[in-house]
Amino acid sequence: MLFPTLDFGLFFLVTFTVAWSLTRWPAWRLGFLTAASYVFYGFWDWRFCFLLFGSSVVNWLFGQLIFRCDGDRQRRMLVGAAVAIDLGVLGFFKYFNFLLGSVNATLESLGAARDLPYLSIVLPVGISFFTFHGISYVVDIYRRKLDRPATLPLMMLYLSFFPQLVAGPIVRAAHFLPQLAKPADPNDIRATRAFLLILGGLFKKVVVANYLSTEFVDAIFFDPSRHGALDLLLGAYGYAVQIYCDFSAYTDIAIGVAALFGYRFPQNFDQPYRAVGFSDFWRRWHISLSSWLRDYLYIPLGGNTGDWRRYRNLMITMLLGGLWHGAAWNFVIWGAIHGGMLVVEHAILGRRKPADWPLWGRVLGTIVTFNLVCLAWIFFRSPDLIHAADFLSGLGRIDDSRITATPFVLTLLVGGLAAQFLPRDRVAMLERLAVRAPFPVQGALVGAAIVGIASLGPAGVAPFIYFQF
Amino acid sequence: MPPKEKRLPRDRPPIEVMDGAAPARLRAVAGAIASATAISLLLGSNALLAWATALPVGPTGDFALDLAQRWQEAMDSLGLTAFASAITALLHAFQGAVWPGT
């Protein structure tokens with residue numbers, strides 16, 4: 001069930017009505033939200049509901065054990081076991097066939113060929129995200145960030161809550177469980193801002209990301225050898241806008257929908273293409289994942305303890321971040337570019353922050369960072385390294401000035417990039433205007449805007465890009 | 001001398017999108033959502049028909065399709081499909097635009 005569909009609209013109306021009518025009975029409300037979240041997840045494949053349930057039970061059990069255990073060594077072993085189980089399940093679904101292929105290839109090169117059979121494994125939608133939530137829970141218990149362990153019903157809702165279930169944002173246990181544990185307040189629904197986020201998300205996904213993808217970017221990346229340098233350059237920029245609009249749309253809608261149920265999610269994107277460096281970029285792009293990687297991988301690796309250790313940890317973190325997207329060399333290179341640039345930036349700039357740079361330095365930093373991020377996107381989007389190499393070599397065909405980008409596509413692309421430079425508090429500014437209208441009028445405008453966006457969009461909506469991760 | 005510890009703070013709070021947003025009462029929000037639903041039904045009958053057409057064939061799907069068709073015809077006769085149609089036509093015109101000289 002995708003957000004920008006009528007199916008989801010109906011699901012939301014029923015869930016919203018029932019959930020708020022159960023306000024006086026918080027336990028029933030949580031139970032209903034859990035059941036609704038499992039129905040939402042079951043729309044993809046009901047069998048994966050058992051996996052989600054199993055993950056909730058395992059992490060809940062380990063949470064109980066870690067909380068009750070006093071010895072540091074035992075606690076460390078328990079948290080290590082819980083994380084190993086979480087990552088083992090994730091690794092099985094994501095990398096089993098890749099590892100099997102590598103073993104087959106190695107055995108063949110050693111002259112001991114065995115045709116180990118591949119398994120027909122379907123990657124459960126959102127498995128990465130509920131795995132990250134599970135790890136966040138056991139580690140937060142281990143670090144004593146939670147006063148007490150969650151009950152099993154709370155744990156089930158924490159992992160399955162439908163707005164963030166399949167593509168984030170990653171909501172920390174210490175941030176979200178206390179919200180679930182207290183009754184939702186029917187007098188404190190941040191509705192106007194939620195409406196604006198949902199409408200903005202729908203527009204970004206249904207119009208900008210969909211059309212950029214189908215009318216331009218897909219064709220460019222399908223066969224880069226048929227395009228000239230300018231077209232390829234626009235293709236790379238187009239994909240940068242497409243993936244931003246696609247992914248940030250999902251999280252904006254998720255944040256808005258959660259707010260209508262009385263819950264707060266953290267910000268996940270903050271105009272990433274205006275970043276003046278790679279550190280700045282990762283403070284603006286998929287913030288919930290980058291801060292998750294920082295707190296649960298980078299810091300346990302040793303964090304900033306010494307320059308060389310910092311560089312090593314940055315590279316490991318970004319390479320694993322790349323591999324998380326998929327077992328393929330192009331994702332490794334994507335991670336290596338980001339890790340390498342972070343290392344270079346730290347080595348050259350040290351503690352000097354971009355905010356202290358002169359204006360020309362910040363402008364130059366933004367242009368260079370954006371283009372290097374686009375270079376990394378070429379590897380990320382290409383189906384394999386051959387296509388990526390074709391794309392990069394094509395950027396040298398400057399004599400070929402054909403452009404397949406139409407004025408419509410170029411408008412979406414330029415508009416998408418220009419939106420990165422709007423005021424950071426643009427949603428709050430719009431909200432201050434919108435709240436002047438009475439709620440029935442706000443609702444009418446929301447309804448008209450939804451119809452307008454649906455009329456602008458193509459027939460059918462492609463799944464969000466990050467569903468595959 | 002061992003390297004100096006420069007760890008990042010572990011308790012950096014997440015940035016809240018909803019900070020400073022205006023709170024509203026459930027009754028008002030429910031009214032707004034009801035109003036949005038009503039306007040969507042009135043102006044978006046074309047999308048409703050497209051959705052019903054894609055439903056699996058069966059008694060429920062056939063019933064929904066029949067209902068959506070009749071609703072769309074009723075809205076069309078009232079001129080309420082013009083809003084969506086005008087937006088789609090505008091988009092198609094823009095989509096079909098080409099560069100000067102081509």
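The coordinates are above.
Residues numbered from 1 in each chain as written. Chains lettered and ligands numbered in written order. Predicted model: local features only at pLDDT ≥ 70, side-chain atom pairs only at ≥ 80, totals over all residues. Heavy atoms only, no water.

## So, the overall build of chain B
Scanning chain B from terminus to terminus reveals four helices and zero strands. Within the span of chain B, comprising 102 residues, buried residues form 27% of the whole. Long-range pairs, those at least 24 residues apart, make up 52% of the contacts in chain B with a sequence separation of at least 6. Summing over all exposed atoms, chain B offers an accessible surface of approximately 6,700 Å²; the carbon and sulfur share of this is 68%. (Helix = DSSP H or I, 4+ residues; strand = E, 2+ residues; numbered from the N terminus. Buried < 20%, exposed > 50% of the residue type's maximum accessible area, 1.4 Å probe, protein only. Contact = heavy atoms within 4.5 Å. Areas by Shrake-Rupley, 256 points an atom, 1.4 Å probe, with all protein chains shown as cover.)

## Remarks on the overall build of chain A
A tally of regular secondary structure across chain A gives 18 helices and zero strands. A principal-axis box enclosing the C-alpha atoms of chain A has dimensions of 70 × 65 × 50 Å. The buried share of chain A, taken over its 469 residues, is 56%. Summarising the internal contacts of chain A: among those between residues at least 6 apart in sequence, 76% fall at separations of at least 24. When the accessible surface of chain A is summed, it comes to about 19,900 Å², and 67% of that surface belongs to carbon and sulfur atoms. For chain A, the separation between the mean place of its 39 positive charges and that of its 29 negative charges on side chains is 9 Å. (Lys, Arg positive; Asp, Glu negative; His and termini not counted. Charge placed at Lys NZ, Arg CZ, Asp CG, Glu CD.)

## Regarding helix α2 (residues 26-42) of chain A
Each full turn of the α-helix corresponds to 3.6 residues, which orients residues three or four apart in the same direction. For α2 of chain A, spanning 17 residues, the distance from its first C-alpha to its last is 24 Å, which sits close to the expected 24 Å at 1.5 Å a residue. For α2 of chain A, the complete set of buried residues consists of R29, L30, L33, T34, A36, S37, Y38, F40 and Y41 of chain A. (Expected span 1.5 Å × (residues − 1).)

## Remarks on the interface of chain A and chain B
When the parts of a complex come together, some accessible area is lost, and that lost area is often used as the size of the interface. Contact residues are listed per partner, giving 57 residues for chain A and 46 residues for chain B. Buried area between chain A and chain B, summed over both chains or domains, comes out near 4,900 Å², and the portion from carbon and sulfur atoms is 67%. Our count for the contact surface shared by chain A and chain B stands at one salt bridge. Along the contact surface separating chain A from chain B lie 16 residue pairs in polar contact (both at pLDDT 80 or more). Where the side of chain A that touches chain B is concerned, the elements lending two or more residues are α1 (6-21), α8 (191-222), α9 (229-260), α11 (287-301), α16 (407-418) and α18 (439-456) of chain A. With eleven residues, the top contributor of residues to the side of chain A that touches chain B is α18 of chain A. Of the residues that constitute the side of chain A that touches chain B, the class distribution is 32 nonpolar, twelve polar and 13 charged. (Buried area = accessible area lost by both parts, 1.4 Å probe. Salt bridge = Lys/Arg side-chain N within 4 Å of Asp/Glu carboxyl O. Polar contact = N/O pair within 3.5 Å; in protein donor to acceptor, adjacent residues only side chain to side chain. Nonpolar A, V, L, I, M, F, W, Y, C, P; charged D, E, K, R; others polar.)

## Examining the packing of helix α5 (residues 127-142) of chain A against helix α6 (residues 152-160) of chain A
All names here are of chain A. Where α5 contacts α6, the axes come no closer than 9 Å and their chain directions differ by 135 degrees. By the angle class used here, α5 and α6 are oblique. Residues F130, H133, G134, S136 and Y137 of α5 form the contact with α6, whose participating residues are M155, Y158 and L159. Split into classes, the residues belonging to the contact of α5 with α6 amount to five nonpolar, three polar and no charged. (Axes fitted to C-alpha atoms, helices over the stretch in contact; angles between N-to-C directions. Parallel < 35°, antiparallel > 145°, perpendicular 65-115°, else oblique.)

## What about unusual backbone geometry?
Residues and elements named next belong to chain A. In this structure, Q271 takes a positive phi of about 45 degrees despite not being glycine. For Q271, the location among the structural elements is in the loop between α9 and α10 (278-282). Look at Q271 and you get buried, because its relative accessible area is 1%. Here H286, not a glycine, exhibits a phi torsion of approximately 40 degrees, which is positive. Mapped onto the secondary structure, H286 falls in the loop between α10 and α11.

## Some words on the pattern of salt bridges
All names here are of chain A. Using the criterion set out here, one finds twelve salt bridges over all chains in the structure. Note that D188 is salt-bridged to R190, the shortest N-O span being 2.7 Å. Between E431 and R193 there is a salt bridge, with its nearest N and O atoms 2.8 Å apart. On the criterion of sequence distance, the pair formed by E431 in helix α17 (residues 426-434) and R193 in helix α8 is long-range, its members being 238 residues apart. In terms of burial, E431 and R193 fall into one category: buried. Connected through shared salt-bridge partners, R172, R294 and D295 make up one network.

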